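Residue strings, one per chain:
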Amino acid sequence: MSTIRSIHARRIWDSRGRPTVEAEVTLADGATGRGIAPAGASRGTREAIELRDGGDRLGGLDVSQALAGIRDEIAPALRGIDALKQEEVDERLIGLDGTVNKARLGGNATVAVSLAVLHAAAASSGMPLWRYCAGGQPVSIPLPEIQIFGGGAHAGRRTDVQDFMVVAQRAQSFAEALEITAEIYRAAGSLMAERGRLQGVADEGGWWPAFDSNEEALDALVSAIERAGYTPGHEAAISLDIAASEFGRNGRYRLAMEDRELDSDGMAEYLLRWCERYPIVSVEDPLAEDDPDGLARFTASVGDRMQVIGDDFLVTNANLVERAAANGNVNAVLIKVNQAGTVSEAKAACAAAKRAGFGTIVSARSGETEDVAIAHLAVGWDSGQLKVGSFARSERMAKWNEVLRIEEQFEAGSVGIRDVFGRGK
Ligand SMILES: O=C(O)[C@@H](CO)OP(=O)(O)O
Ligand SMILES: [Mg+2]
């Protein structure tokens, strides 16, 4: 029987040395599943709230309230529910919390439990997680977006732009995409070393961006692609997460590196110049979450040839995705389970995006753990793309390597890899 027998919650630690929540679910048939809450640094204001509390010595970073909520309220309420009924489980979590943003029990509590139930249900069904998530629907191996330089909130705001990434858009397999990007990553490292600029890595494993301008980082990225023996824009293209909500509000954008302030149109023009000059195929959060008109203008000018992703702007919310599709604010969405707070809500956002013809990118957070669930979600939900950060940090490699294992399970040649525009569907 796949009914939930018990849920245990424990405090574990994430890749930034901060406490986080792990839930462990045991079913009546003995199957178990574990889920861990990741944590973002650049967060959208409408994300599910993670519950953090006093814990004197931890300065408000502790998660003891979230753990207590799982023990005292969530575990008793879910006992006896069939783990195969993920939506029922998640509806119970949403109802129990009772707020619009999981503020009472904490999105970190609900997401850990929701993922743990998903894992346990897959184990009980005797299926790998990706196959269980697919529910019999067609799947694909996602194209990876891999960070080469990590800036913004992940590197003490060393650059304004948060993620400088590479997409190996012509790779024929995930294994090949990883290989190409690893070469570019290492080339970028030696380039930094030669310039006396190598200063370790940022939160997601991308090189610490010791640059004097955002453009210098872009130029270095192009040089790294060339040094690795590839043609920029051909085998390897550039993908950026501007994370503009971090430095833009009320239509004003403060570029610290260049010591200037731009209005919404100025910011868009600044980015459009990059789009002309560099082989950029995807831009995430080019304008702030409170600038939907700016986003719509930006998408109107480049959306026919480029992916424009809403992350902080859409916070993995199906209603917001539908509204964005109607208003043309963006043409793709980042899918982060902990932004929504439950597996079912994230899945609904992904489904809404596909109905709207949006690109979908399953994404990790900047604070991560060894949990590899998102590798399986990207495959099982057929998202087409996966964003996990970089190399050089094992919480990232655990996920990339997991996709390699999943790819091995596919029959050779039966599943094509897609580029950012979904070619090969
Ligand atoms: O903005 C993002 O897309 C993510 C991952 O790069 O960062 P964070 O988890 O800090 O929100
Ligand atoms: Mg982002």
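If you're wondering where the values come from, they're calculated on a predicted model, not measured in any experiment. (Residues numbered from 1 in each chain as written. Chains lettered and ligands numbered in written order. Predicted model: local features only at pLDDT ≥ 70, side-chain atom pairs only at ≥ 80, totals over all residues. Heavy atoms only, no water.)

(A) View of the coordination of the magnesium ion (ligand 2). Those protein atoms acting as donors to the magnesium ion (ligand 2) are Asp241 (OD), Glu284 (OE) and Asp311 (OD), and they sit at 2.1 to 2.2 Å. Expressed as a motif, the donor residue spacing for the magnesium ion (ligand 2) is D-x42-E-x26-D. Of this pair, glutamate 284 sits in strand β10 (residues 280-284) while aspartate 311 sits in the loop between β11 (307-310) and α9 (318-327), placing them 27 residues apart in sequence. You'll find glutamate 284 and aspartate 311 in the same group, each marked buried. (Donors = N, O, S within 2.8 Å, 3.2 Å for Na, K, Ca; no water. Helix = DSSP H or I, 4+ residues; strand = E, 2+ residues; numbered from the N terminus. Buried < 20%, exposed > 50% of the residue type's maximum accessible area, 1.4 Å probe, protein only.)

(B) Representation of the site of ligand 1 in the model. In the vicinity of ligand 1 there are 16 residues, among which Ala41, Ser42, His154, Ser366 and Lys387 approach most closely. The contact in question runs from an oxygen atom of ligand 1 to an N or O atom on the backbone of alanine 41, over 2.7 Å. In the model, an oxygen atom of ligand 1 is placed 2.6 Å from a nitrogen or oxygen of the serine 42 main chain. Computed on the free molecule, ligand 1 has an accessible area of 310 Å², of which 99% lies beneath the protein chains in the complex. Looking at the shell around ligand 1, its residues break down into 3 nonpolar, 5 polar and 8 charged. (Near = heavy atom within 4 Å. Polar contact = N/O pair within 3.5 Å; in protein donor to acceptor, adjacent residues only side chain to side chain. Areas by Shrake-Rupley, 256 points an atom, 1.4 Å probe, with all protein chains shown as cover. Nonpolar A, V, L, I, M, F, W, Y, C, P; charged D, E, K, R; others polar.)

(C) Just the pattern of salt bridges, in detail. Considering all chains together, one arrives at 31 salt bridges under this definition. For glutamate 22, the salt bridge is made with arginine 34, and the minimal N-O distance between the two is 3.7 Å. Of this pair, glutamate 22 sits in strand β2 (residues 19-27) while arginine 34 sits in strand β3 (residues 32-36), placing them 12 residues apart in sequence. Its relative accessible area of 5% is what places glutamate 22 among the buried residues. (Salt bridge = Lys/Arg side-chain N within 4 Å of Asp/Glu carboxyl O.)

(D) Examining the sheet that holds strand β14 (residues 384-389) more closely. Strand order in the closed barrel formed by 8 strands is β4-β5-β6-β10-β11-β12-β13-β14, and the pairing between neighbours is mixed. Between one strand and the next, the sheet's axes are offset by a mean angle of 30°, whatever the strand orientation. Bridge count for strand β6 (residues 237-241) against β10 is 4 bridges, and the pairing is parallel. Note that in β10 the partner of aspartate 241 across the bridge is glutamate 284. With respect to the sheet, helix α5 (residues 174-194) is in contact with β4 (143-150) and β5 (163-167), its orientation differing from that of β4 by roughly 10°. (Pairing = 2+ DSSP bridges. Axes fitted to C-alpha atoms, helices over the stretch in contact; angles between N-to-C directions. Contact = heavy atoms within 4.5 Å.)

(E) A look at the domain arrangement of the chain. When cut into domains, the chain gives domain 1 (3-126) and domain 2 (143-408). Computed from C-alpha coordinates alone, the two centres of domain 1 and domain 2 are separated by 27 Å. Between domain 1 and domain 2, roughly 2500 Å² of surface is buried when both sides are summed, and carbon and sulfur atoms account for 51% of that area. Considering only the side of domain 1, the residues that lose the most area to domain 2 are Ser15, Ser42 and Arg46, jointly responsible for 25% of the buried surface there. Where domain 1 meets domain 2, there are 3 salt bridges. With a shortest N-O distance of 2.7 Å, aspartate 203 and arginine 16 are connected by a salt bridge. (Domains from an automatic or database assignment. Buried area = accessible area lost by both parts, 1.4 Å probe.)

(F) Looking closely at unusual backbone geometry. Residues other than glycine seldom take positive phi values, yet arginine 157 does so here, at roughly 55°. Mapped onto the secondary structure, arginine 157 falls in the loop between β4 and β5. Backbone geometry places aspartate 259, a non-glycine residue, at a positive phi of 50°. One can find aspartate 259 in the loop between β8 (252-255) and β9 (260-263).

(G) Structural detail: the packing of helix α6 (residues 214-227) against helix α7 (residues 264-277). In contact at an axis separation of 12 Å, α6 and α7 are set at 20° when each is read in the N-to-C sense. One finds that α6 runs roughly parallel with respect to α7. The hand of the α6/α7 crossing is right-handed. Contact with α6, carried on its side by Asn214, Glu215, Leu218 and Asp219, involves Tyr270, Trp274 and Arg277 of α7 and no other residues of that element. Looking at the contact of α6 with α7, its residues break down into 3 nonpolar, 1 polar and 3 charged. (Parallel < 35°, antiparallel > 145°, perpendicular 65-115°, else oblique. Left-handed = near helix turned anticlockwise from the far one by under 90°.)

(H) Up close: the pairing of strand β12 (residues 332-335). Along β12, one buried face is formed by Ala332 and Leu334 and the opposite face, lined by Val333 and Ile335, is buried too. Pairing between β11 and β12: 2 bridges, direction parallel. Each residue of the ladder has a partner; that of isoleucine 309, found in β12, is alanine 332. Across 4 bridges, the pairing between β12 and strand β13 (residues 359-363) is parallel. Paired with alanine 332 across the two strands is glycine 359, which belongs to β13.

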